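Residue-level structural notes
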Amino acid sequence: MKKRAEGENFIAVDFGKMSEVKDYVFQFGDVQIPGKVFGGQAVGATGGQFSFTCFNPGEEVGFYHTHINHEELYFFLGGRGEVQVDGQTIPVEEGSVVRVAPAGKRSVRNNGSEPLLMLCVQYRGGTFTADDATDGVILQEKVEW
């Protein structure tokens with residue numbers, strides 16, 4: 001990872017080319033997960049977490065997992081594979097998005113012939129309200145590049 005810029009209200013980071021995500025290895029206790037990198041800490045995220053994962057053909061998570069409080073959104077950026085949630089298998093490909101509630105038993109695998117690239121966004125479930133949908137403020141100032 002390379003920090004691009006930082007200011008009072010932002011941090012910009014490069015994780016490298018998406019084709020190079022496969023080179024990362026995430027260590028979780030005694031478990032090593034190849035092709036996975038978390039990014040929330042690198043950008044100073046305070047309300048969620050995200051990770052990029054690259055599954056080579058034939059690779060899979062290899063275990064189910066759930067969360068206590070966090071929902072996950074899985075965005076598939078390339079390749080083909082399957083997500084399994086609570087025993088239901090869902091085919092995924094570039095452009096697919098799957099939301100899983102905290103209690104959902106989930107796993108992912110690449111059953112395709114090219115790398116399956118996934119962005120996972122994790123956040124506390126049940127916190128987004130109707131008021132949040134109008135949280136954005138359009139400012140009346142000209143953008144100067």
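Shown above is the structure to which this text applies.
Because the structure is a prediction, the values reported are computed rather than measured. (Residues numbered from 1 in each chain as written. Predicted model: local features only at pLDDT ≥ 70, side-chain atom pairs only at ≥ 80, totals over all residues. Heavy atoms only, no water.)

Across its full length, the chain holds 1 helix and 12 strands. For the chain, the sequential pattern of α-helices and β-strands runs β-β-β-β-β-α-β-β-β-β-β-β-β. For the chain, the spread of C-alpha atoms along the three principal axes comes to 50 × 35 × 30 Å. In the chain, 60% of the contacts between residues at least 6 apart in sequence involve partners at least 24 apart. Of the accessible surface of the chain, which amounts to about 9,900 Å², a share of 52% is contributed by carbon and sulfur atoms. Charge separation in the chain, taken as the distance between the mean sites of 13 positive and 20 negative side-chain charges, equals 4 Å. (Helix = DSSP H or I, 4+ residues; strand = E, 2+ residues; numbered from the N terminus. Contact = heavy atoms within 4.5 Å. Areas by Shrake-Rupley, 256 points an atom, 1.4 Å probe, with all protein chains shown as cover. Lys, Arg positive; Asp, Glu negative; His and termini not counted. Charge placed at Lys NZ, Arg CZ, Asp CG, Glu CD.)

In total, this model carries 5 aromatic pairs according to the counting rule given. An aromatic cluster of at least three residues, connected via ring pairs, comprises F15, F50 and F52. Over the ring of Y64 we find K105, and its NZ or CZ is 5.3 Å from the ring centre. (Phe/Tyr/Trp six-rings, centres within 6.5 Å; stacked < 30°, edge-to-face > 60°. Lys NZ or Arg CZ within 6 Å of the ring centre and 35° of its normal.)

Further remarks concern the pattern of salt bridges. All chains considered together, the criterion is met by 7 salt bridges. The residue R106 makes a salt bridge to E72 at a minimum N-O spacing of 2.7 Å. Of this pair, R106 sits in strand β11 (residues 106-109) while E72 is found in strand β7 (residues 70-78), placing the two residues 34 residues apart along the sequence. (Salt bridge = Lys/Arg side-chain N within 4 Å of Asp/Glu carboxyl O.)

Judged by pairing direction, the sheet is antiparallel, and its 5 strands sit side by side in the order β5-β6-β12-β7-β10 without closing on themselves. Since the sheet does not close on itself, it has two edges, and those belong to β5 (36-38) and β10 (97-100), each with one partner. Each strand of the sheet is rotated relative to its neighbour by a mean of 15°, with strand direction disregarded. (Pairing = 2+ DSSP bridges. Axes fitted to C-alpha atoms, helices over the stretch in contact; angles between N-to-C directions.)

Let's shift gears to the nonpolar core. Of all hydrophobic cores here, the largest spans 12 residues; its members are F55, Y74, F76, V83, V85, V92, V98, V100, V108, L116, M118 and C120. The set of elements that each furnish at least two residues to this core consists of β7, β8 (80-85), β10 and β12 (116-124). If one sorts the elements of this core by residue count, β12 sits on top with 3 residues. The residues contacting V92, other than those within four sequence positions of it, are F76, G79, R80, G81, E82, V83 and V98. Residues F50, F52, C54 and L119 belong to the second largest nonpolar core, which totals 9 residues. (Core = buried A, V, L, I, M, F, W, Y, C linked by side-chain atoms within 4.5 Å. Buried < 20%, exposed > 50% of the residue type's maximum accessible area, 1.4 Å probe, protein only.)

This next bit is on the side chain of S107. Residue placement: S107 occurs in strand β11. Classification of S107 by relative accessible area gives buried; the value is 13%. With near-sequence residues (within four places) excluded, S107 lies in contact with V61, G62, F63, Y64, E82, V83 and Q84.

Further remarks concern unusual backbone geometry. Leave glycine aside and you will find that most residues have negative phi; peptide bonds, for their part, are mostly trans. Backbone geometry places D86, a non-glycine residue, at a positive phi of 50°. Within the secondary structure, D86 sits in the loop between β8 and β9 (88-93).

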